[in-house]
Amino acid sequence: MARAAKSALVLCMDVGFSMSNSEPGQEPPFEQAKKVIQKFVQRQVFAENKDEVGLVLFGTDGTKNRLAKDGQYENITVHRHLMMPDFELLEEIESELQPGGQQADWLDALVVCMDLLQQETMGKKFERLNIVLLTDLNVQTSADQLDVIINSLKKAGITLQFFLPFPLDGEDRADGGGDGPGPSAASARPGKGLSSQQTQGLEMVKNIMTSLEEEDGLEEVHTFRDALEKLSIFKRIDRRPMAWPCQLTIGSSLTIRIVGYKAVTEEKVKKSWTIVDAQSHQRDDVKRETVYCLNDDDETEVQKDDTIQGFRYGSDIVPFSKVDEDQMKYKSDGKCFSVLGFTKQELIRRHQFMGSQVVKVFAARDDEHAAVALSALIRALDSLKMAAIVRYAYDRRSNPQVGAAFPCIKEKYECLLYVQLPFMEDLRQFTFPMLENNKKFTPSESQLSAADALIDSMMLVEKDEDGESVDVFKVNHIPNPQFQRLFQCLHHRGVNPDDPLPPVEPWLKRALERPQAVSARCQAPLQDVKTKFPLKVVVKKKEQKTSADVFGSSADEPDAKRVKVDEEMEFNLAEIAAGNITSVGSVNPVRDFCALVRQKTVSFDQACQQLTHRIEQLLGNRSPEYYMKSIACIQAFRDQSVSSGNAELFNSYMQSLKRSVPDRNLQEFWDLLIQDALTLISKDEVDGSTISKQDANQFLAFEQKEEVQAAPVQEDTGDVDDLLDMM
Amino acid sequence: TKTMRLRRTKRILECVRSVYTSKIISSDKDLVALVFYGTEQSKNPRNSFKHVYVYHDLDSPGSQRVLDIDKLLGEKGAQFAEKTIGSGETSLGEALWCCSNLYSDIKLRLSHKRLMIFTCRDDPHGGDGAKDRQARTKAADLKETGVVIDLMHLTKPGGFDVSLFFCDIVSPPEDESELGLQIEPCRKLEDLQKRVRAKELKKRSQSRLTFSLGEGVNLAVGVYVLARTATKPSAVKLHRDTNEPVRTKTRYFHAHNGGILLPNDMKRAQVYGKKQIVMEKDEVDEIKKFDDPGLVLMGFKPMDRLKLHHHIRPALFIYPEEEQISGSSCVFTALLLKCSEKNVFALCRYIPRRNTPPRFVALVPQREELDQSQTQATPPGFNVIFLPFADDIRTLDAHVGPTASDEQVDKMKEIVHKLRFKYKSDSFENPVLQQHYRNLEALALNMLEPEPIEDLTMPKVQMMDARLGPLAQEFKDLVYPPDYNPEGKPAAKRKTAESGGGAAEKKPKAEISEEELKNHVANSTLGKLTVPVLKDACKQFGIRTTGTKKQELIDALTMQLSK
């Protein structure tokens, strides 16, 4: 397999004084070019590929290059030799790249770059050599060497790209071939008003580019502005698809050699965050420790070796060691792609596709017999509108799947598309109330036509002048905004460690919005929908439920009964007080706590501390029965705090508890607190409290209720990516 | 006769056993009680009911209950039952009363209450009108409190006449057209006996979101999961000596001074281009925030723009939430009808939760479909199909080869035709899960070995061969030359495996010297090493690695060795 092909690239930027000239209100070409370079290097750093980059500046006050001699090649500086770009380079560009006070011939600079490429790639293998020139062409050049230069570029196989502050001809042509999101902003400065040097320079650029690449050459001349739009899209995370050779079988005797490739799969961020010490920023300073402990009062620690695994079987937990599990578990007999049968495509529902990938299946490479056999299958399925249902197992370690292989015939190739289908256990048969014939919800004719008009006005597929359908919002052309944003922030923080994070870049925001043309078109129909369909946010009645309700203990019991319970407790307390309660135990923490507070054998602080320790322990279990107990504890804590006029301990505990809710996944528990209105103790209740009544009332609410979804456990380990990572 | 009675008892006990074992796996939090009536002995909470024997109190079932049932089965079981329970006077009313006490003794609020009466007697009180009346009254009381009473009767000679007595006891069927009442008792019992080993999930929306059609036009929808890969329930850690469950506590502490580190004492970091970039945890979350959770309509596209291969995740399902925004159902229905009529899908931006980056989804209309028995086969709503971003699509160079001739294609069509079947999405069980559940059952119920599973994912090769007959050979003759062996190549691999001579002798451990490593670091060529080698190297230098991703290992080594 071919190793990742790497390129060598020299960025050659004009920093001469004319680059700093600009019309009022315009960004000088120097600044624009600097941004292009920054974006480019940034992209390279985060792509973490092996490409090497050099940086040559011309128009600098000083001179630093191998060719400078006898007054030739002056004011040209090799700022960085060919190497992999890193943050150092980014920092240098940020702080050291300054406008120069001289002018230098861009053709001379080109020669320096060629020399650099040739010298520094010697003995190494590069797929591509490229020079990127950023200049305003505003300098006298000597064209006499032009032919020699073009010839040596050709001979060395070096490609050229130009980035200019203005378009090549009147219009912004670099826009043409792009299919990026949205048309690029209005063109840069018009071609008018160019100096004679610039006009002459343009001619030379055209000359070079057309002789290097013939007609397409001019496609490689861009404006700064255009480049910024396109470069800012960080390079996609490149993954080489990994081949999965296997055999497709039909029955016992029909076998076709195939190769599968992951064609579509959700790409995840390559790196995860490591935890470092906040002061030293060293990861080795942070040690993570996981301890096992029993559910008893002392949380007795247990050695890891003294634990075994078990599984719940109803109310029991059945010990089932890893060794036994491995021995008894389902064993698959290795990789396979076996046809179970064929079925009509319409019987396979699109929304029942499972798994996270689509695999393209081709015949084995360079095996024409396999190609013919597979082609026969693909074409047969295609003409019958059928698909194969197959058993798919990636390898011996992985779980088998049942999936569908659909025929796919393209102009250039044919293949099968494999998608996983559900098992019986994966499906949830929920029923929902009917909508269509429900009198309450049936839309009227005028409502239906409003919806109809809205759909028509918001079609994202339009006909162009030639009558061809054009999709104006192709999701599969949008880069994943998560990566773009992450890299933007990483770059910013890397270069400016003390700055806050920057806002989302405008182009990215735009790419995620409805196209402007569609927005404009749908205004009127949307307004119509708004008037025809009354939509009203339901103001929620204050939920009267209490936690006890949720768990049903005292559903509709009148208050009288509650009072009785309290009395009973008092009575018990009196009894117990006679005995000797010395600490808050786990069996009846509320009773113990109240007794301690009453006996005054330990200080109030200590009693509270013991109680909160128990609460924390109970919450560690995250199950309803323990929640109930915790709530009883908090209630007692609050009651005793109010009666002893000490709000501080309770309030500070509650505040810290609230902070820990998201991390500990205690939202459900917090909801119960809300239902019981167990909030902070306010000034109105205890004089010493620093909390106003209003603050207390608002305390329990989180800004937004968050539904936490457990991350799906990736159980099936072996798959294409695993192997890729092992290469 | 006695044998007939034995057989009937056995049948019912097997049903009960099956209810238990299914419940244990499908919904282990459900409470189940087993009450015998018409017994000689009495056993109930306050012993206030004669001839009612509460064999199992209302509680979540475990293995002991299944073993208890096993004790009553067979010849020996019958003797045992005779001794402990015996048979005596029958009063269904007393039994129902006892059951109603069992329900009310439970402190938890129950969402469903169901009572199944297993019997083979259609006139249990033999014409005793007072007892019949008492039973009817008690049944009415139970139904009043939300208990659904179901009859699971066996056939009896001359037919089980429901109208004699039980029609007044059981809950009326939900659908009035079904007034005929349990005509086929056996089917019901058979259904009960069918063991379903799959976790049952309550219908609950994953989240409730605002669906914005445009400025100021918002409706509310609930997001549901209708299909998600079921996984083995997670294991619990137990103390080896006592089988007591243990909890894990994770804490962070400072490597040098040993002090416990609180969340504020730690930050997050990543390394790029040899530079460590540090952020607060809050910032890491903030980076992922683009907008508030919700669905935002971008526009509509014809259905043929939804590509088959644009699949990255299982779909979700949305249904309007009238309780959040009134009027939602009406707009939703109008959109559903119109999208379906115009054959378009809605394209939306979807942010499921706070601090979650957006994804684009296709809302595909799905109108309600009923099956023959008028029950819902597909619910009305939109399926939410996740669409890939540019990064999710991999570029691969397609294999281009010769294509098949019409004759070859036609032969394959015959093969396809012979092997066609009607695919149904619920017809395949997951063999891995099924094996796991059976293993667990075997261990819990002290069985010698687990019940065998039928692996439905395996091709029925013999049947396929028989159906194909000579077709397979004919096709091969058309596409393969005589000397071609499609199973070729892997032979070489097998040889190395055999010559290895036993599993103990694995590949020689690839150790790598520090010097070599340093060279790799200097030249940035660590990437050439394999993951196992990198892991070993990390161990060798005592580098702690949190991740196992290759890039993380490389970063860790680079950090260590370039110090």
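Since the structure is predicted, the reported quantities are computational estimates derived from the model, not experimental observations. (Residues numbered from 1 in each chain as written. Chains lettered and ligands numbered in written order. Predicted model: local features only at pLDDT ≥ 70, side-chain atom pairs only at ≥ 80, totals over all residues. Heavy atoms only, no water.)

1. Description of the overall build of chain B
- Helix and strand counts for chain B stand at 16 helices and 18 strands.
- Radius of gyration (C-alpha) of chain B: 33 Å, far over the 24 Å computed for a compact globule of 563 residues.
- For chain B, the C-alpha atoms occupy an extent of roughly 95 × 75 × 70 Å along the three principal directions.
- In chain B, which comprises 563 residues, the proportion classed as buried is 47%.
- Accessible area of chain B: about 29100 Å², with a carbon and sulfur share of 50%.
- For chain B, the separation between the mean place of its 88 positive charges and that of its 77 negative charges on side chains is 4 Å. (Helix = DSSP H or I, 4+ residues; strand = E, 2+ residues; numbered from the N terminus. Rg over C-alpha atoms; globule rule 2.2 N^0.38 Å. Buried < 20%, exposed > 50% of the residue type's maximum accessible area, 1.4 Å probe, protein only. Areas by Shrake-Rupley, 256 points an atom, 1.4 Å probe, with all protein chains shown as cover. Lys, Arg positive; Asp, Glu negative; His and termini not counted. Charge placed at Lys NZ, Arg CZ, Asp CG, Glu CD.)

2. Details of the overall build of chain A
- A tally of regular secondary structure across chain A gives 22 helices and 21 strands.
- Taken over 727 residues, chain A has a buried fraction of 50%.
- Of all intrachain contacts in chain A linking residues separated by at least 6 positions in sequence, the fraction that spans at least 24 positions is 70%.
- Surface exposure of chain A reaches about 35200 Å², of which carbon and sulfur atoms provide 48%. (Contact = heavy atoms within 4.5 Å.)

3. Focus: the interface of chain B and chain A
- Opposite the 222 residues of chain B that make contact, chain A presents 218 residues.
- Summing the contributions of chain B and of chain A, the shared interface buries around 21200 Å²; its carbon and sulfur component is 60%.
- Ranking the residues of chain B by area buried against chain A places Arg247, Arg394 and His399 of chain B at the top, with a combined share of 5%.
- Summed over the shared surface of chain B and chain A, the result is 16 salt bridges.
- A salt bridge links Lys275 of chain B to Glu91 of chain A, with the nearest nitrogen and oxygen atoms 2.8 Å apart.
- At the junction of chain B with chain A, the criterion picks out 77 residue pairs in polar contact (both at pLDDT 80 or more).
- The element contributing the most residues to the side of chain B that touches chain A is helix α8 (residues 328-342) of chain B, with 13 residues.
- Taken together, the residues of the side of chain B that touches chain A break down into 106 nonpolar, 56 polar and 60 charged. (Buried area = accessible area lost by both parts, 1.4 Å probe. Salt bridge = Lys/Arg side-chain N within 4 Å of Asp/Glu carboxyl O. Polar contact = N/O pair within 3.5 Å; in protein donor to acceptor, adjacent residues only side chain to side chain. Nonpolar A, V, L, I, M, F, W, Y, C, P; charged D, E, K, R; others polar.)

4. With respect to the UniProt feature "domain: Ku" (unreviewed entry) in chain B
- Here, UniProt's "domain: Ku" (unreviewed entry) annotation points to residues 258-404 of chain B.
- With 15% helix and 37% strand, the stretch residues 258-404 of chain B has end C-alpha atoms that lie 71 Å from each other. (UniProt positions renumbered as here; feature names shortened; annotations may be inferred.)

5. Brief notes about the packing of helix α9 (residues 445-457) of chain A against helix α13 (residues 523-532) of chain A
All names here are of chain A.
- Taken N-terminus to C-terminus, the directions of α9 and α13 make an angle of 155 degrees; their axes are 8 Å apart at the nearest point. As judged from the angle between their axes, α9 and α13 are roughly antiparallel. Judged by the sense of rotation from one axis to the other, the crossing of α9 with α13 is left-handed. Where α9 approaches α13, its residues Ser446, Gln447, Ala450, Ala451, Ala453, Leu454 and Ser457 are matched on the opposing element by Pro525, Leu526, Asp528, Val529 and Lys532.
- Taken together, the residues of the contact of α9 with α13 sort by class into seven nonpolar, three polar and two charged. (Axes fitted to C-alpha atoms, helices over the stretch in contact; angles between N-to-C directions. Parallel < 35°, antiparallel > 145°, perpendicular 65-115°, else oblique. Left-handed = near helix turned anticlockwise from the far one by under 90°.)

6. What to know about the sheet that holds strand β11 (residues 294-302) of chain B
All names here are of chain B.
- Pairing is mixed around the closed barrel formed by seven strands, whose spatial order is β5-β6-β12-β18-β15-β14-β11. Each strand axis lies, on average, 40 degrees off the axis of its neighbour in the sheet, ignoring direction.
- Bridge analysis of strand β5 (residues 207-214) against strand β6 (residues 217-224) gives seven bridges, and the strand direction is antiparallel. Bridging from a neighbouring strand, Thr210 pairs with Ala220 of β6. (Pairing = 2+ DSSP bridges.)

7. Topic: the pattern of salt bridges
- Applying the stated rule across the entire model yields 50 salt bridges over all chains.
- The salt bridge involving Glu436 of chain A is made with Arg367 of chain B; its shortest N-O contact spans 2.8 Å. Note that Glu436 of chain A is positioned in the loop between β18 (414-420) and α9 and Arg367 of chain B in the loop between β15 (359-366) and β16 (369-370), a pairing that runs across two chains.
- Owing to a relative accessible area of 37%, Arg367 of chain B belongs among the partly exposed residues under this scheme.
- Residue Asp392 of chain B is joined to Arg359 of chain B by a salt bridge in which the shortest nitrogen-to-oxygen separation is 2.4 Å. Highlighted residues: Asp392 of chain B in the loop between β18 (381-386) and α9 (406-418) and Arg359 of chain B in strand β15, separated in sequence by 33 residues.
- One salt-bridge network, held together by shared partners, links Asp452 and Asp456 of chain A together with Lys338, Glu341 and Lys342 of chain B.

8. So, the sheet that holds β18 of chain A
Residues and elements named next belong to chain A.
- Pairing is mixed in the closed barrel, where seven strands are placed in the order β7-β8-β15-β18-β17-β16-β14. Pairs of neighbouring strands in the sheet enclose a mean axial angle of 40 degrees, with direction left out of account.
- Pairing of strand β7 (residues 244-250) with strand β14 (residues 336-344), which is carried by three bridges, proceeds in the parallel orientation. Within the sheet, the bridge partner assigned to Thr249 lies in β14 and is Ser338.

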